[in-house]
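Here is how the chains run, residue by residue.
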Protein chains: 2
Amino acid sequence: MSSAAGVLSLLAERGQSLAVAESLTGGLVAAELTSVPGASRSFLGSVTAYATALKRDLLGVDEALLSADGAVHPEVAAQMAAGVRTRMEADWGIATTGVAGPDPQDGQPVGTVFVAVAGPGGTGKVARLRLNGDRSVIRRESVRGVLALLAGELSGDGRAQDTEQNGGNGCLQP
Amino acid sequence: MSSAAGVLSLLAERGQSLAVAESLTGGLVAAELTSVPGASRSFLGSVTAYATALKRDLLGVDEALLSADGAVHPEVAAQMAAGVRTRMEADWGIATTGVAGPDPQDGQPVGTVFVAVAGPGGTGKVARLRLNGDRSVIRRESVRGVLALLAGELSGDGRAQDTEQNGGNGCLQP
């Protein structure tokens, strides 16, 4: 079972819904989830906020944070996940932000990625990934990373096992 | 050059921006566009409105239309494209809605797809695609169809050549 099918199955078992906010993955997380037949039972929708202003306007990310630290920041990932969860009235929200390359962005090197999950009751988690490879690999591994973070939360172990395999440095509380 | 790279190149030449609204393609149109390095010069973002209520809440699609005719309808596609264009303050908006399968939806058979483009000055166009194949093929061909519709508008010929190849029945004015 793919990781997308896995999280959709866990969500369906619980009768819970999911919303997605993406930056560097640019639609790939949503596309991966909706490749699974019956995804609509749990997947509500997604926002790709590629332009920084849309992170503020559509997802409610704090403008001062974006101005001070740029879009590649753990708190931006956390606010994107919480924002899309609220906006779509979902049980869970997940988010990606980072640098897919080929050029550095906001003072961060290519391969710096933050993935976040926001859950019921205001719970949340952010993981930092340090990825190697080209743009395509970094985007793909970011998808794996955010789905692994959600799977960890849904299965109740509270750890993002795959992000460790990807060279992440563990989870930060948002 | 891929069709995504092609439309991004045409947009960059004109200094124009693009926003995307997706239903059955579920993020694939945005993912295809953002696979191109430098996409952020023209691509602002996307909304995947997979749940029907989000087509109304996030994209402004008319609730009476959704209630009466369901989500798989040419006017829904047109309103999704116009809605995301307005919402993201983009020069162009494109949209997909249809039935990827495996099951029929809203009384429409698998493979019924509408793709739409909304441009500067309130211009717009919708094409109906009649696609064969499995869920993956239908989603992929829908991406091709909507990018071809946009490419036709950008290159000024006003026709969506690839939708004809896909067995579309031409373009309807929204």
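Keep in mind that what you see is a predicted model, and the values were worked out from it rather than measured.

Reading the values: the criteria
Residues numbered from 1 in each chain as written. Chains lettered and ligands numbered in written order. Predicted model: local features only at pLDDT ≥ 70, side-chain atom pairs only at ≥ 80, totals over all residues. Heavy atoms only, no water. Helix = DSSP H or I, 4+ residues; strand = E, 2+ residues; numbered from the N terminus. Expected span 1.5 Å × (residues − 1). Buried < 20%, exposed > 50% of the residue type's maximum accessible area, 1.4 Å probe, protein only. Polar contact = N/O pair within 3.5 Å; in protein donor to acceptor, adjacent residues only side chain to side chain. Contact = heavy atoms within 4.5 Å. Buried area = accessible area lost by both parts, 1.4 Å probe. Salt bridge = Lys/Arg side-chain N within 4 Å of Asp/Glu carboxyl O. Nonpolar A, V, L, I, M, F, W, Y, C, P; charged D, E, K, R; others polar. Pairing = 2+ DSSP bridges. Lys, Arg positive; Asp, Glu negative; His and termini not counted. Axes fitted to C-alpha atoms, helices over the stretch in contact; angles between N-to-C directions. Parallel < 35°, antiparallel > 145°, perpendicular 65-115°, else oblique. Left-handed = near helix turned anticlockwise from the far one by under 90°.

Chemist: Just to check I follow, could you spell out helix H6 (residues 135–154) of chain A for this structure?
Modeler: Each α-helix turn comprises 3.6 residues. Residues three or four places apart therefore point the same way. All names here are of chain A. With 20 residues, H6 should cover 28 Å at 1.5 Å per step; its first-to-last C-alpha distance of 29 Å lies within 8% of that length. In terms of burial, H6 is largely enclosed, as 14 of its 20 residues are buried. You can read the cap of H6 off the contacts: a side-chain oxygen lies 3.1 Å from the backbone nitrogen of Ser-136, and it is on Asp-134. Within two residues after H6, Gly-156 carries a phi angle of roughly 85°, on the positive side.

Chemist: What is the right way to read the interface of chain B and chain A from this model?
Modeler: Each partner contributes residues to the interface: chain B has 28 residues there, and chain A has 28 residues. Taking both sides of the interface into account, the surface hidden between chain B and chain A amounts to around 2000 Å²; carbon and sulfur atoms contribute 61%. The interface formed by chain B and chain A includes zero salt bridges. Between the two partners, chain B and chain A, sit 20 residue pairs in polar contact (both at pLDDT 80 or more). Looking at the side of chain B that touches chain A, the elements with two or more residues in it are helix H2 (28–34), strand S2 (43–49) and helix H6 (135–154) of chain B. Class assignment for the residues of the side of chain B that touches chain A results in 16 nonpolar, nine polar and three charged. Relative to S2(B), strand S2 (residues 43–49) of chain A runs antiparallel, the two sharing five bridges. Its bridge partner being in S2(B), A:Ser46 is matched across the sheet by B:Thr48.

Chemist: What exactly am I supposed to notice about unusual backbone geometry here?
Modeler: Glycine aside, negative phi is the norm for most residues, and most peptide bonds take the trans geometry. Going from A:Gly101 to A:Pro102, the amide bond is cis rather than trans, its omega being 10°. Tracing the backbone shows A:Pro102 in the loop between strand S3 (92–98) and strand S4 (112–118). The residue B:Glu89 is not glycine, and still its phi comes out positive at about 50°. Among the secondary structure elements, B:Glu89 is positioned in the loop between helix H5 (74–87) and strand S3 (92–98).

Chemist: Whenever I open this one, the side chain of B:Glu22 confuses me. Can you help?
Modeler: Residue and element names in this part refer to chain B. Within the element layout of this structure, Glu-22 appears in strand S1 (residues 18–22). Of the side chains bearing the opposite charge, Arg-139 lies closest to the buried Glu-22, which forms no salt bridge; the N-O distance is 7.2 Å. Side-chain polar atoms of Glu-22 contact the backbone nitrogen of Leu-28, separated by 3.1 Å. A distance of 3.0 Å separates a polar atom in the side chain of Glu-22 from the backbone nitrogen of Val-29. Leave out the neighbours within four places in its chain, and Glu-22 touches Gly-27, Leu-28, Val-29, Ala-30, Ser-46, Val-47, Thr-48, Ala-49, Met-80 and Thr-96.

Chemist: Would you mind showing me how to read the pattern of salt bridges here?
Modeler: If charged atoms from side chains of opposite charge come close, those side chains can pair. Taken as a whole, this structure holds eight salt bridges over all chains when the rule is applied. Residue A:Glu141 is joined to A:Arg144 by a salt bridge in which the shortest nitrogen-to-oxygen separation is 3.2 Å. Taken together, the residues A:Glu141 and A:Arg144, both in helix H6 and three residues apart, mark about one turn of the helix. Its relative accessible area of 32% is what places A:Arg144 among the partly exposed residues. Measuring nitrogen to oxygen at the nearest pair gives 3.3 Å for the salt bridge that ties B:Lys125 to B:Glu153. Highlighted residues: B:Lys125 in strand S5 (residues 124–130) and B:Glu153 in helix H6, separated in sequence by 28 residues. Among the residues examined, B:Lys125 registers a relative accessible area of 10% and is labelled buried.

Chemist: I would appreciate a short explanation of the packing of helix H1 (residues 3–14) of chain A against H6(A) in the present structure.
Modeler: Angle between the axes and distance between the axes are the two parameters that describe a pair of packed helices. All names here are of chain A. At a closest axis distance of 10 Å, the pairing of H1 and H6 adopts a crossing angle of 30°. As the angle between them shows, H1 and H6 are arranged roughly parallel. In this structure, H1 meets H6 at a crossing whose hand is left-handed. Here Ser-3, Ala-4, Val-7, Leu-10, Leu-11 and Arg-14 of H1 lie close against H6, whose contacting residues are Leu-147, Leu-150, Ala-151, Glu-153 and Leu-154. Here the contact of H1 with H6 is composed, by residue class, of eight nonpolar, one polar and two charged.

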